[in-house]
Amino acid sequence: MTTKRTEQSVWLHLGAGAFHRAHQCWYLNELHESGDTLWSVSLANIRNSSTQQTLKHLEQQQGRYTLEVISPEGNIAYKTLSVINNVILWDPQLQALVSEGSRPDTRIISFTVTEGGYFLTDDGHLDLNAAPIQSDLAGTADTVTLYGALYKILSARRENNAGPVTLLSCDNLRSNGESFRRGLTEFVAAREDGALAEWLEKNISTPDGMVDRITPASDDGLLQRLRAQGIKDDNAPVSCESFTQWVMRDDFIAGRPALEKAGVEFVDDVIPYEEAKIRVLNASHSGIAWAGGLLGKEYIDQSLLPEVRQWITEYVSQDVIPALGDSPIDLNRYCQTVLQRFGNERVRDTCQRVSSDSIAKLHEFIVPTLKARYQQQQTPQATLRLVALCFLFMQKYANNTLPFEYQDRANDSVDFRAVFASDDPVAAFAGQQKLLGSLAGEPQFIADLTRTIDDMQQQLTIMGDDKQ
């Protein structure tokens, strides 16, 4: 719950990507502009990733950067955000990060590590066999996972008697607060650290939340538009759509900013909002990106051909809505709003970025609807189309014929080249638990997917020929 505070408080965020700076920082900046400046952001990375350069630019700019906000009508607004008070550059032992995270005035630690960064199995438990998890459990190399970084931070926090802290997931993970907490608890148990496990029971909260704002990767075009506005000294700008949403359960053990004043919705049950976002927006986004990659498109809006729009619309109406049952959200209307947002050529997201981490996205975004419809004794034909698109996309990846470089942090968990070199690639693909969970190897599913892949290949060929 909100605690009235007069002293300064720190909100530490792990992951210096564009989304955090377009979403969570934007909300806090709105609060600052209303006169409430009691909270500031410290920004850090867990790994020595490509965003390390972003941190260096932000450090030089004292945490200030420009946010470009584009409306559906094409109106563009530029705003300087200045809520990042401390930029923490990565170091191999994460000493600076641990120091910041173990301070008493650090009361929220949030993170954006993408769905694959949680290393959860189909039943929601931590995958203790994943190589990055095993590495962090051994503690003999650089820390590479969220759990490994938080283990260091929370251990130091307990030793320093720094008090409770809220751990806030800002990723598209179903029941993200609860799911993350289970993963963290199981990581600590695997470390056989009973003292920390006992401390966690009383000193952390993990609210569920849903975040939404399309934030394309920055490019030279953004820098050129800033220069045209006379902004020449910003090397870390971010562009995003004007639409934004943040829904959370109000469970902040050490206090929080008054984010409701900036438009954040606090509700008792986040699940309906999460399911709508994950099954409609995130699943559709992935499907469109796979279709785009197969059709040689660079951008999401270019990939939204009439046939693709129909596939997505039918996926929602024929499978998502029956799978979810009663929802406080008009999912058909939500679907059309989502497609309108995706089609905004002024907020151009690349198929390369959206298709990254497809292993986790297929498993987390699409498989739940697939399983629900089979459990309802229905053939999920519209959802099978999305799985078929993923199959054909990964086939191109295995054959090195995608129009762009594919990136996936879970790549080592599925040997796609072996899958597509097998005598029956569909059965090999459909047998991967990392992709399909408990559906893997089911004969009816394999037969349905085989038929759907054949159909989709024909449709994509016709679509490609029509565009010649």
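In this text, all values refer to a predicted model and were calculated from it rather than measured experimentally.

Notes on the overall build of the protein
Along the backbone of the protein there are 20 helices and 12 strands. The C-alpha extent of the protein, read off along each of the three principal axes, is 65 × 55 × 40 Å. Evaluated residue by residue, the protein yields a buried proportion of 57% over its 468 residues. Excluding contacts between residues fewer than 6 apart, the proportion of contacts in the protein whose partners are at least 24 apart in sequence is 77%. Surface accessibility of the protein: about 19200 Å² in total, with carbon and sulfur atoms responsible for 44%. Distance from the positive charge centre (43 side chains) to the negative charge centre (62 side chains) of the protein: 5 Å.

Some words on the sheet that holds strand β3 (residues 65–70)
Ordered by their spatial adjacency, 3 strands build an open sheet running β4-β3-β10, and the pairing between neighbours is mixed. A single partner strand is all that each edge strand has here, and the edge strands are β4 (76–81) and β10 (238–241). Mean inter-strand twist for the sheet, computed between neighbouring axes without regard to direction, equals 25°. Relative to β4, β3 runs antiparallel, the two sharing 6 bridges. If you follow I70 over to β4, its bridge partner there is I76.

Some thoughts on helix α7 (residues 176–190)
With 15 residues, α7 should reach 21 Å at 1.5 Å per residue; the first-to-last C-alpha distance of 21 Å fits that figure. Positive phi shows up at E192, right after α7, with a value of about 55°.

Things to note about unusual backbone geometry
A negative phi holds for most residues other than glycine; trans holds for most peptide bonds. One non-glycine residue, T114, lies in positive phi territory at about 65°. The topology assignment puts T114 in the loop between β6 (106–111) and α5 (131–138). Phi is positive for N400, close to 60°, though the residue is something other than glycine. Residue placement: N400 occurs in the loop between α16 (381–398) and α17 (416–421).

Observations regarding the pattern of salt bridges
Taken as a whole, this structure holds 21 salt bridges when the rule is applied. For R279, the salt bridge goes to E275, with nearest N and O atoms at 2.8 Å. Highlighted residues: R279 and E275, both in helix α10 (residues 271–294), separated by 4 residues, approximately one helical turn. E275 matches R279 in its accessibility class, with the two residues each being buried. When the shortest N-O distance is used, the salt bridge between R353 and D349 registers 2.7 Å. Look at R353 and you get partly exposed, because its relative accessible area is 35%. Looking at D349, the relative accessible area reads 3%, which means it is buried. Connected via shared salt-bridge partners are E30, E33 and K79.

A word on the packing of α10 against α16
Between α10 and α16, whose axes approach to 9 Å, the crossing angle comes to 45°. Taken together, the axes of α10 and α16 lie oblique to each other. By crossing handedness, the relation of α10 to α16 is classed as left-handed. Contacts between α10 and α16 pair A283, G287, A289, W290, A291, G293 and L294 from the former with L386, L389, C390, L392, F393 and K396 from the latter. The class makeup of the residues in the contact of α10 with α16 is 10 nonpolar, 2 polar and 1 charged.

What about the side chain of T106?
With respect to the helices and strands, T106 occurs in strand β6. For T106, the residues in contact, after removing those within four places along its chain, are V10, L12, E100, G101, R157 and V165.

What to know about the pairing of strand β9 (residues 209–212)
Two faces, one strand: in a regular strand the side chains alternate between the faces of the sheet. Of the two faces of β9, the one carrying G209 and V211 and the one carrying M210 and D212 are both buried. Note that β9 and strand β11 (residues 245–248) share 4 bridges and pair antiparallel. Counterpart to V211 in the pairing with β11 is W246.

Some details on the UniProt feature "domain: Mannitol dehydrogenase N-terminal" (unreviewed entry) in the protein
The UniProt entry lists residues 12–261 under the feature "domain: Mannitol dehydrogenase N-terminal" (unreviewed entry), expressed in the numbering used here. The span residues 12–261 is 35% helix and 20% strand, and its two end C-alpha atoms sit 21 Å from each other.

So, the confidence of the model for the protein
Mean pLDDT for the protein: 95, with 98% of residues reaching 70 or above. Counting contacts from residues 1–6, a segment whose pLDDT is below 50, to residues more than four positions away or on other chains yields 11 contacts.

Some points on the UniProt feature "domain: Mannitol dehydrogenase C-terminal" (unreviewed entry) in the protein
The positions that UniProt labels "domain: Mannitol dehydrogenase C-terminal" (unreviewed entry) are, in the present scheme, residues 269–456. Overall, residues 269–456 shows 69% helix and 0% strand. The separation of its end C-alpha atoms is 38 Å.

The rules we used
- Residues numbered from 1 in each chain as written.
- Predicted model: local features only at pLDDT ≥ 70, side-chain atom pairs only at ≥ 80, totals over all residues.
- Heavy atoms only, no water.
- Helix = DSSP H or I, 4+ residues; strand = E, 2+ residues; numbered from the N terminus.
- Buried < 20%, exposed > 50% of the residue type's maximum accessible area, 1.4 Å probe, protein only.
- Contact = heavy atoms within 4.5 Å.
- Areas by Shrake-Rupley, 256 points an atom, 1.4 Å probe, with all protein chains shown as cover.
- Lys, Arg positive; Asp, Glu negative; His and termini not counted.
- Charge placed at Lys NZ, Arg CZ, Asp CG, Glu CD.
- Pairing = 2+ DSSP bridges.
- Axes fitted to C-alpha atoms, helices over the stretch in contact; angles between N-to-C directions.
- Expected span 1.5 Å × (residues − 1).
- Salt bridge = Lys/Arg side-chain N within 4 Å of Asp/Glu carboxyl O.
- Parallel < 35°, antiparallel > 145°, perpendicular 65-115°, else oblique.
- Left-handed = near helix turned anticlockwise from the far one by under 90°.
- Nonpolar A, V, L, I, M, F, W, Y, C, P; charged D, E, K, R; others polar.
- UniProt positions renumbered as here; feature names shortened; annotations may be inferred.
- pLDDT = per-residue confidence, 0-100.

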